[in-house]
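Architecture at a glance
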Amino acid sequence: MSNIPENLKYTKTHEWIDVQDTYAGVCGITDHAQEMLTDIVFVELPEVGIEVKAGEQVAVVESVKAVSDVYAPISGRITEVNKLLEDKPELLNSDPYGEGWIYKIDIKDKYELDELMDAAAYAEHVAQGE
Amino acid sequence: MTAQRTFLYEDHIKLGARMVEFAGWELPVMYTSIIDEHMAVRQSAGIFDVSHMGEIVAKGRGAKAALQRLIPTDMGRLEKGKSMYTCFLNEQGGIIDDLFIFMLSDNEYYLVVNAGTTEKDVEWLTLNCKTNVAIQDVSGVTSKIDLQGPQSYNILKKIIKDDRLEGLQRFYFFTGTYKGEPVLVSQTGYTGEFGYELFCINNIISRLWNDILDAGKEYGLKPAGLGARDTLRLESCYSLYGHELSETISPIEGGIGFVVNATSDYIAKDIIEDQKKNGAPREILCLEMMDKTIPRSDYPVVYNKQDIGAITSGGFSPLLKKGIAMALVKRGLVTIHDEVSVGIRGKQSPAKVVARPFYKYNGKRL
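Residues numbered from 1 in each chain as written. Chains lettered and ligands numbered in written order. Predicted model: local features only at pLDDT ≥ 70, side-chain atom pairs only at ≥ 80, totals over all residues.

**Let's talk about the overall build of chain A**
Across its full length, chain A holds 4 helices and 9 strands. Of the regular secondary structure in chain A, the N- to C-terminal order runs β-β-β-α-β-β-β-β-β-α-α-β-α. Taken over C-alpha atoms, the radius of gyration comes to 13 Å for chain A, in line with the 14 Å a tight globule of 130 residues would show. For chain A, the spread of C-alpha atoms along the principal axes amounts to about 35 × 35 × 20 Å. For chain A, the proportion of its 130 residues judged to be buried stands at 43%. Taking the intrachain contacts of chain A between residues at least 6 apart in sequence as the baseline, contacts between residues at least 24 apart amount to 61%. (Helix = DSSP H or I, 4+ residues; strand = E, 2+ residues; numbered from the N terminus. Rg over C-alpha atoms; globule rule 2.2 N^0.38 Å. Buried ≥ 20, exposed ≤ 12 C-beta atoms within 10 Å, placed from the backbone. Contact = placed C-beta atoms within 7 Å.)

Right, here's the structure in full:
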């Protein structure tokens, strides 16, 4: 059973956001996502400063076998990316909610957060095999 | 059409395999990690279920002559108990399939072909083998396991107790027994390592698989999926049908020019001999990425701002820890040490043309 921290918000496409205050969040992919991918060997980070819309492709993670898009859980502006992942993409496997964070975002519209799942809803989503 | 299952399906599920569909079959892509399974084969041993592959018997007094007409490889290189790699050619010099031919006797040959092309191969053989040859597709009754890696001998000798195993040379085979049933044991493979391919009837395959897994425990044997099979063959630059090889790619172009050595007549000989002498329109290049990106099939290859071809197989090399690829490009434009670029999601990533293969056949037996 994969790890689903209580304090995060989740997307159907297996991203998480840690809302640090009303206007800033940290984003990454879930433990379930990294388990499905296994052996992550490359991460394409977004550019700092770009504006993204909720649901838009924002990064790419590649396992040995497959290329997967990472989508933005919320609209906003990218303020920082985790450069450590360029040399250590495996951090996404070993610590997806910690050292494996992908980018930080300035949240444009906090009401969009209501569209995201809480831990219980995401756990159910994963259990249904989606 | 639902995907077919091999006779090891339940065993894969028990091992926690992640199953995918490949060539109409439901097969394990990995059990725990492609990288771990890959390294197990390089360092100790791995076992693969490749029961999806096709097996066809060509039997009769006319078999040798009929097969010779279909392949650019000299049938005279075979002897009883020996196998060779070759391909079927169409009239244009394209490849209908690549295959191994095992010589069972003067008048009986065992052909091992790709899963997705088996039907097409049987039709081609039936059409072209009319005089004194019977063609029989035995894929449905045959299962196949590959045991690959330097520890393969130590593992297999505990299961197949046969004096012929110890001295078995590369590309040679014998028919041993397991649980009273025949098992074709061949010292061949698709990984760049020493190892065996084992063919037997379906109803003993699960016992054979599990016995080998048990026997291999002390040697670090791991079950390995199609994911590792693909990264292993990519490092070794073994061409794969549907990627480097197809009906519109010749063996000279597709990186298997070494199979062209027949002096007698065969289909498309003129075209193939001409390409061998004067060069083919295209060639396979080996590329190593100079950044951290990973090249994948169909990505364009650019040189001097010109599109010169595309990646046929690419991925992350667990051994070199970087992106590597084979690419089919216009011949003669670039050579080893040249720098090209690969178009990845709209950006150009630099790649170096390197010598083939990335990983030389190891052949070490521990």
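Once the structure has been displayed, the description carries forward.
**Let's talk about the environment of B:Lys14**
Considering the arrangement of structural elements, one finds B:Lys14 in helix α1 (residues 9–14). Distance in space between the C-alpha atoms of B:Lys14 and B:Asp265 is 51 Å, their sequence separation being 251 residues.

**With respect to helix α4 (residues 118–128) of chain B**
Residues and elements named next belong to chain B. All of the buried residues in α4 are Thr118, Asp121 and Leu125. Each buried residue of α4 lies within a common arc of 60 degrees when the element is viewed along its axis, so the set occupies one face. Exposed side chains of α4 directed beyond 90 degrees from the buried face belong to Glu123 and Leu127. Where α4 is buried, its residues touch β5 (54–59), β6 (83–89), β7 (95–105), β8 (108–113) and β9 (134–137). (Arc of directions from axis to C-beta.)

**Here we look at the domain arrangement of chain B**
All names here are of chain B. When its domains are assigned, chain B resolves into domain 1 (4–51 + 140–234) and domain 2 (281–355). The distance between the C-alpha centroids of domain 1 and domain 2 comes to 32 Å. If you look at the interface, domain 1 gives 7 residues, while domain 2 gives 6 residues. Of all the secondary structure elements, the ones that give two or more residues to the side of domain 1 that touches domain 2 are α2 (34–43) and α7 (226–235). Sorting elements by how many residues they give to the side of domain 1 that touches domain 2 places α2 first, with 4 residues. Grouping the amino acids of the side of domain 1 that touches domain 2 by side-chain chemistry returns 3 nonpolar, 2 polar and 2 charged. (Domains from an automatic or database assignment. Nonpolar A, V, L, I, M, F, W, Y, C, P; charged D, E, K, R; others polar.)

**Here we look at the sheet that holds strand β10 (residues 142–148) of chain B**
All names here are of chain B. Ordered in space as β11-β12-β13-β10-β4-β14, the 6 strands form an open sheet in which the pairing is mixed. Whereas interior strands pair on both sides, the edge strands pair on one side only; in this sheet they are β11 (173–178) and β14 (222–223). Contacts from helix α6 (residues 205–216) reach β4 (46–49), β10, β11, β13 (195–201) and β14, with the element oriented near 10 degrees to β10. (Pairing = 2+ DSSP bridges. Axes fitted to C-alpha atoms, helices over the stretch in contact; angles between N-to-C directions.)

**Overview of the packing of α2(B) against α7(B)**
The axes of two packed helices give the description: the angle between them and the distance between them. All names here are of chain B. Direction vectors running N to C along α2 and α7 enclose 55 degrees, while the axes themselves pass 8 Å from each other. As far as their axial angle goes, α7 and α2 are oblique. The element α2 and its partner α7 pack so that their crossing is right-handed. Of the residues in α7, those in contact with Ile34, Glu37, His38 and Val41 of α2 are Gly227, Ala228, Thr231 and Leu232. (Parallel < 35°, antiparallel > 145°, perpendicular 65-115°, else oblique. Left-handed = near helix turned anticlockwise from the far one by under 90°.)

**Topic: the sheet that holds strand β5 (residues 51–52) of chain A**
Residue and element names in this part refer to chain A. Strand order in the open sheet formed by 6 strands is β1-β2-β3-β9-β8-β5, and the pairing between neighbours is antiparallel. Each edge of the open sheet is held by one strand with a lone partner, namely β1 (9–10) and β5. Here β1 runs beside strand β2 (residues 15–21); their pairing, made up of 2 bridges, is antiparallel. Bridge pairing in β2 places Lys9 opposite Ile17.

**Some thoughts on helix α3 (residues 63–70) of chain B**
All names here are of chain B. Listed as buried for α3 are Ala63, Ala66, Leu67 and Leu70. Around the axis of α3, the buried residues are gathered within 95 degrees of arc, so they sit on the same side. Here the buried face of α3 lies against β5, β6, β7, β8 and α4.

**A word on the pairing of strand β8 (residues 76–81) of chain A**
Residues and elements named next belong to chain A. Where β5 and β8 come together, 2 bridges link them in antiparallel fashion. Looking across to β8, one finds that Glu51 is bridged to Arg77. Two elements, β8 and strand β9 (residues 103–107), share 5 bridges in a ladder whose sense is antiparallel. Paired with Gly76 across the strands is Ile107, a residue of β9.

**Some words on unusual backbone geometry**
Residue and element names in this part refer to chain B. Here Arg356 and Pro357 are connected by a cis peptide whose omega angle stands at -10 degrees. With a phi angle near 50 degrees, Ala23 is a residue other than glycine that sits in the positive phi range. By the secondary structure assignment, Ala23 is in the loop between β2 (18–22) and β3 (25–30). In the Ramachandran plot, Arg345 falls in the positive-phi region, its phi being about 50 degrees despite a non-glycine side chain. Counting through the fold element by element, Arg345 comes out in the loop between β19 (339–344) and β20 (347–354).

**Focus: the nonpolar core**
Residues and elements named next belong to chain B. Counting 137 residues, the largest nonpolar core has Ala58, Leu198, Leu287 and Ala327 as the members making the most contacts within it. Tallying contributions element by element places β7 first for this core, with 7 residues. For Ala58, the residues in contact, after removing those within four places along its chain, are Ala63, Leu67, Tyr109, Leu111, Leu125, Cys129, Val133 and Ile135. (Core = buried A, V, L, I, M, F, W, Y, C linked by C-beta atoms within 7 Å.)

**Comments concerning the environment of B:Leu198**
Residue and element names in this part refer to chain B. As for its placement among the helices and strands, Leu198 is situated in strand β13. Judged by the 26 C-beta atoms lying within 10 Å of it, Leu198 is buried. The sequence separation of Leu198 and Ile145 amounts to 53 residues, and the corresponding C-alpha distance is 5.2 Å. Apart from residues lying up to four places away in sequence, Leu198 is in contact with Lys144, Ile145, Leu147, Val183, Leu184, Val185 and Leu208.

**Some remarks on the interface of chain B and chain A**
Taken together, the contact between chain B and chain A spans 14 residues of the former and 10 residues of the latter. Within the residue set of the side of chain B that touches chain A, elements represented by two or more residues are β3, α2, α7 and β17 (306–317) of chain B. For the side of chain B that touches chain A, the residue count by class is 6 nonpolar, 5 polar and 3 charged.

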